[in-house]
Amino acid sequence: MANLKDLKNRIASVKSTRKITKAMQMVAAAKLRRAQEAAEMSRPYTERFNAVMASLAASVGDSDSAPKLLSGTGKSDVHLLVVMTSERGLCGGFNANIAKKARVFARDLLAKGKEVKILTVGKKGRDQMKRDFGQYFVGHVDLTEVKRVGYADAQGIAKDVLGRFDMGEFDVATLFYSDYVNVVTQIPQAKQIIPATFDAGEDGADTATTLFDYEPSEEAILADLLPRGVATAIFSALLENGASEQGARMSAMDNATRNAGEMIEDLTVEYNRSRQAVITNELIEIISGAEAL
């Protein structure tokens, strides 16, 4: 039978843990509202931007004058995987799911004889992939000191990726992040950003049936907008990741708080039973001693 003092200390410890998880849940809920608003506000702009870019890309086609960011290098031998996760843990399977999707993607490429390079954003993804794919790492972006992710952060990451592309370090770049659906659902995504691919989305029908005259040429406009498109895709992924992280943390801390409550109830029952057994034994000893007299 467990010692009463040990049980009492354990109950106090679990109660302290429950206070922490409850506080973290409330903080995550407050941060989730801001992160969710930011992600939802960016979606219409991203969708419309992609629709316009899809129209421009379709008009240029595969011509020789198409920008390199759109046409690519003509090869797909070297792949850069940009794995974006959080800087902090305690958010359920959020980081693990993104890392898992990136690992499966990387193994498929290696099985096909492709060369893989990995750029990580967020130390949790770096830590999870380092054991199996550490030899493929080419860089890491640390956002630990960033309190609120902004477009400037996305531009910094995009500048790094575009610089590597200009130097011929890779042929294809794929972005890994998580789309926010709701508090309990975050869907890992793999999105190719170089060569650029655009989904016209709901606005695609309107754009496809409308004729535009561009000044200067479509090629010149694409050459200017494609780098911004990479930064926009990265910024959108950062915002989706931010909302997904807080939603996953809120859900995980809620589960932890409930589990702590159930553990406290079980430990309290065990403590009361042990205490009752001790009292019963003491009464038996007293009665036995009185009868012996």
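Criteria and cut-off values
- Residues numbered from 1 in each chain as written.
- Predicted model: local features only at pLDDT ≥ 70, side-chain atom pairs only at ≥ 80, totals over all residues.
- Heavy atoms only, no water.
- Core = buried A, V, L, I, M, F, W, Y, C linked by side-chain atoms within 4.5 Å.
- Buried < 20%, exposed > 50% of the residue type's maximum accessible area, 1.4 Å probe, protein only.
- Helix = DSSP H or I, 4+ residues; strand = E, 2+ residues; numbered from the N terminus.
- Contact = heavy atoms within 4.5 Å.
- Polar contact = N/O pair within 3.5 Å; in protein donor to acceptor, adjacent residues only side chain to side chain.
- Pairing = 2+ DSSP bridges.

A. Structural detail: the nonpolar core. Residues Val82, Met84, Val161, Phe170, Leu175, Ile194 and Ile234 are the most contacted members of the largest nonpolar core, which totals 46 residues. For this core, the secondary structure elements donating two or more residues are α1 (4-60), α2 (68-71), β1 (78-84), β2 (115-121), α5 (151-166), β4 (172-182), β5 (185-194) and α7 (218-292). Per-element tally for this core: the top contributor is α7, with 13 residues. With residues up to four places along the chain from it excluded, the contact list for valine 82 reads Leu119, Val121, Val161, Thr174, Leu175 and Phe176. Leu81, Val83, Phe94 and Ala102 belong to the second largest nonpolar core, which has 15 residues in total.

B. Seen up close, the environment of threonine 280. Mapped onto the fold, threonine 280 is located in helix α7. A distance of 2.8 Å separates a polar side-chain atom of threonine 280 from the backbone oxygen of glutamine 276.

C. A look at the pairing of β4. The element β4 is largely enclosed, with a buried count of eight among its 11 residues. Sheet topology note: the β1/β4 ladder contains five bridges and is parallel. Within β4, the residue paired with leucine 81 across the bridge is threonine 174. Sheet analysis places β4 next to β5, joined by nine bridges and oriented antiparallel. In the sheet register, tyrosine 177 faces β5, and the bridge partner there is glutamine 189. Connecting the antiparallel pair β4 and β5 is a turn made up of two residues.

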